Amino acid sequence: MRVGVFYHEDFSVYGYPVLKDRVAPAFNSLQDLVKAGRVMVFTPSVGERALHLLNKVHAPSLIEDVTREGYYEVSLLSAAGVVEAAEKLQAGELDLAFCFVGAAGHHASRDHYWGFCFFNDAAMAVVRLRELGVERIMIIDVDPHFGDGTRSLLGSDPQVIHINFHSGQGDKEDAESNNYDYGIGAADDSLFMDKINEVMGRQWEYEFLIVIFGHDSHFLDYGAFHLSELSYSFLARKVKEFAAGKPILFILSGGSNPEVGRTAVRAIIQEFV
Ligand SMILES: [Zn+2]
């Protein structure tokens, strides 16, 4: 598979304090694969397109607030990388992309943000993919925190299948709007893998797969899941099989622990190279 990683050193310098320390160690864990030519590295940049998408997805008031907080540049650069990755995947230049970020996206809605998220990178990518003619997109969010921003932006669009794993309780399925939420509490590897198997064992119709991956789900990181690298390798293997040749876009989400970042991202990428 042609695997691309989107990374900018600014993510670990100007990124959100909770999230930024894991970025460089996680990226560095891939260097042997980069040197061997099995992973291509792309450095994102912000251009007119990212600005256009930002203004389509977010209200001016949110953009002003993020600017005031000092996270405008790094958040836009993060989202720009995700958009570039989506474009390269859709153009057939890559089969899998993994996007590092300096700030996360899934808690950002049109006019509200919280939880280390500022601009909704996945929603910006969806808007871009639509411009490129992609109709049906699946988003699987395995960050243990509920992706409320993404749901708020895309939940009413039945052409976006939005699946959330979260650390609450209970399943909620809305087949009409294609929103599916799975509360798996303080899931361990076996519970997580069972649920992934269950969800990916069903028939879903989509053209492009986005996976929102937070390693705050690791037992040594700050989220409520208690997963290990076994779950990440398993997830990657299942995603590869599940997508069956369709473009796969991984977006980094929560996670703070540099040691976990190093092993978690490696565990994912390893399955695709
Ligand atoms: Zn999270």
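Scroll up to find the structure.
Model, not experiment: these values are computed from the prediction.

S.K.: Looking at this model, I keep getting lost on the coordination of the zinc ion. Mind explaining?
M.R.: Tetrahedral coordination by four donors puts the ideal angle at the metal at 109.5 degrees, and octahedral coordination by six puts it at 90 or 180 degrees. Distances from the zinc ion to its protein donors, Asp143 (OD), Asp143 (OD), His145 (ND1) and Asp216 (OD), fall at 2.0 to 2.6 Å. Each of the four donor atoms around the zinc ion contributes to a set of angles spanning 56 to 152°, which defines the coordination as irregular. Read from N- to C-terminus, the donor residues coordinating the zinc ion fall into the pattern D-x1-H-x70-D. For histidine 145, a relative accessible area of 28% translates into the label partly exposed.

S.K.: Just to check I follow, could you spell out the pairing of strand S7 (residues 179-184) for this structure?
M.R.: Moving residue by residue along a regular strand, the side chains alternate between the two faces of the sheet. With six of six residues buried, S7 lies mostly within the body of the structure. What you see with S7 is no split at all: Asn179, Asp181 and Gly183 on one side and Tyr180, Tyr182 and Ile184 on the other are buried throughout. Relative to S7, strand S5 (residues 160-166) is paired through five bridges, and the arrangement is parallel. By the bridge assignment, phenylalanine 165 is partnered in S7 with tyrosine 182. Count of turn residues in the strand S6 (residues 169-174)/S7 antiparallel hairpin: four residues, of which asparagine 178 carries a positive phi of about 60°.

S.K.: Quick question: what am I supposed to make of the environment of proline 144 here?
M.R.: Tracing the sequence through the fold places proline 144 in the loop between strand S4 (137-141) and helix H9 (148-154). Judged by its relative accessible area of 1%, proline 144 falls in the buried class. For the pair proline 144 and glycine 254, spaced 110 residues apart in sequence, the C-alpha separation works out to 8.5 Å. Apart from residues no more than four positions distant in its own chain, proline 144 is found in contact with Phe165, His166, Ser167, Gly214, Asp216, Ser217, Gly223, Ala224 and Phe225.

S.K.: In this structure, what is going on with helix H10 (residues 189-200)? I would like to understand it.
M.R.: Taking 1.5 Å per residue as the helical rise, H10 with its twelve residues ought to reach 16 Å, and the 16 Å between its terminal C-alpha atoms agrees with that figure. Residues of H10 that are buried: Asp189, Phe192, Met193, Lys195, Ile196, Val199 and Met200. The buried residues of H10 all sit within an arc of 165° when viewed along its axis, so they share a single face. Where H10 is buried, its residues contact S4, S5, S6, S7 and helix H11 (229-243).

S.K.: Where do I start with helix H6 (residues 60-69) in this structure?
M.R.: Side chains three or four residues apart in an α-helix point the same way, a direct result of the helix having 3.6 residues per turn. Every buried residue of H6 is accounted for by Leu62, Ile63 and Val66. Looking down the long axis of H6, one finds its buried residues gathered within 100° of arc, a one-sided arrangement. Structural note: H6 exposes Pro60 and Arg68 on the side pointing more than 90 degrees away from its buried face. In this structure, the buried side of H6 is in contact with helix H5 (48-57) and helix H7 (72-90). Of the residues trailing H6, glycine 70 is marked for its positive phi of about 90°.

S.K.: Would you mind going over the packing of aromatic side chains with me for this structure?
M.R.: Each aromatic ring pair is characterised by the separation of its centres together with the angle its planes make. Considering all chains together, one arrives at 21 aromatic pairs under this definition. Both rings, one in tyrosine 16 and one in tyrosine 71, keep their centres 5.3 Å apart while their planes meet at 45°; by these two values the pair is tilted. On the criterion of sequence distance, the pair formed by tyrosine 16 in the loop between helix H1 (10-14) and helix H2 (17-20) and tyrosine 71 in the loop between H6 and H7 is long-range, its members being 55 residues apart. One aromatic cluster is present, formed by Tyr7, Phe27, Phe98, Phe100, Phe213, Tyr232, Phe250 and Phe272 through successive ring pairs.

S.K.: Sorry if this is basic, but what is going on with empty space enclosed by the protein here?
M.R.: One water molecule sets the probe size; rolling that probe over the atoms shows where empty space is left. Enumeration according to the criterion identifies one cavity of 30 Å³ or more in this entry. Of the pockets and cavities examined, the largest cavity occupies roughly 50 Å³. As for the largest cavity, its lining consists of Ala104, Gly105, His106, Asp121, Ala122, Ile212, Ile251, Leu252 and Ser253. Its residues assigned to classes, the lining of the largest cavity comprises five nonpolar, three polar and one charged.

S.K.: Help me understand the packing of H5 against H7 in this model?
M.R.: Any two packed helices are characterised by how steeply their axes cross, that is the angle between the axes, and by the distance between the axes. For the pair H5 and H7, interaxial distance at closest approach is 10 Å and the crossing angle is 105°. Overall, the two elements H5 and H7 adopt an arrangement that is roughly perpendicular. In contact with Arg49, Ala50, Leu51, Leu53 and Leu54 of H5, H7 contributes Tyr72, Leu76, Ala80, Val83 and Glu87. For the contact of H5 with H7, the class distribution of residues is eight nonpolar, no polar and two charged.

S.K.: Explanation requested: the pattern of salt bridges in the structure shown.
M.R.: Opposite charge on two side chains allows them to pair when their charged atoms are near. Following the criterion strictly, the structure yields 16 salt bridges and no others. Here aspartate 157 ties to arginine 130 by a salt bridge, and the two come within 2.8 Å at their closest N and O atoms. With a gap of 27 residues between them, aspartate 157 in the loop between H9 and S5 and arginine 130 in helix H8 (residues 121-131) connect regions that are remote in the sequence. Counted as one network, the salt bridges with shared partners bring together Arg49, Lys56, Glu87, Arg128 and Glu131.

Calculation notes
Residues numbered from 1 in each chain as written. Predicted model: local features only at pLDDT ≥ 70, side-chain atom pairs only at ≥ 80, totals over all residues. Heavy atoms only, no water. Donors = N, O, S within 2.8 Å, 3.2 Å for Na, K, Ca; no water. Tetrahedral: all angles 85-135°; square planar, octahedral: opposite > 155°, others 65-115°. Buried < 20%, exposed > 50% of the residue type's maximum accessible area, 1.4 Å probe, protein only. Helix = DSSP H or I, 4+ residues; strand = E, 2+ residues; numbered from the N terminus. Pairing = 2+ DSSP bridges. Contact = heavy atoms within 4.5 Å. Expected span 1.5 Å × (residues − 1). Arc of directions from axis to C-beta. Phe/Tyr/Trp six-rings, centres within 6.5 Å; stacked < 30°, edge-to-face > 60°. 1 Å grid on protein atoms, 1.4 Å probe; cavity = no way out; pocket = protein on both sides within 12 Å on 5 of 7 lines; lining within 4 Å. Points joined across faces, edges and corners; volume = space filled by probe spheres on them. Nonpolar A, V, L, I, M, F, W, Y, C, P; charged D, E, K, R; others polar. Axes fitted to C-alpha atoms, helices over the stretch in contact; angles between N-to-C directions. Parallel < 35°, antiparallel > 145°, perpendicular 65-115°, else oblique. Salt bridge = Lys/Arg side-chain N within 4 Å of Asp/Glu carboxyl O.

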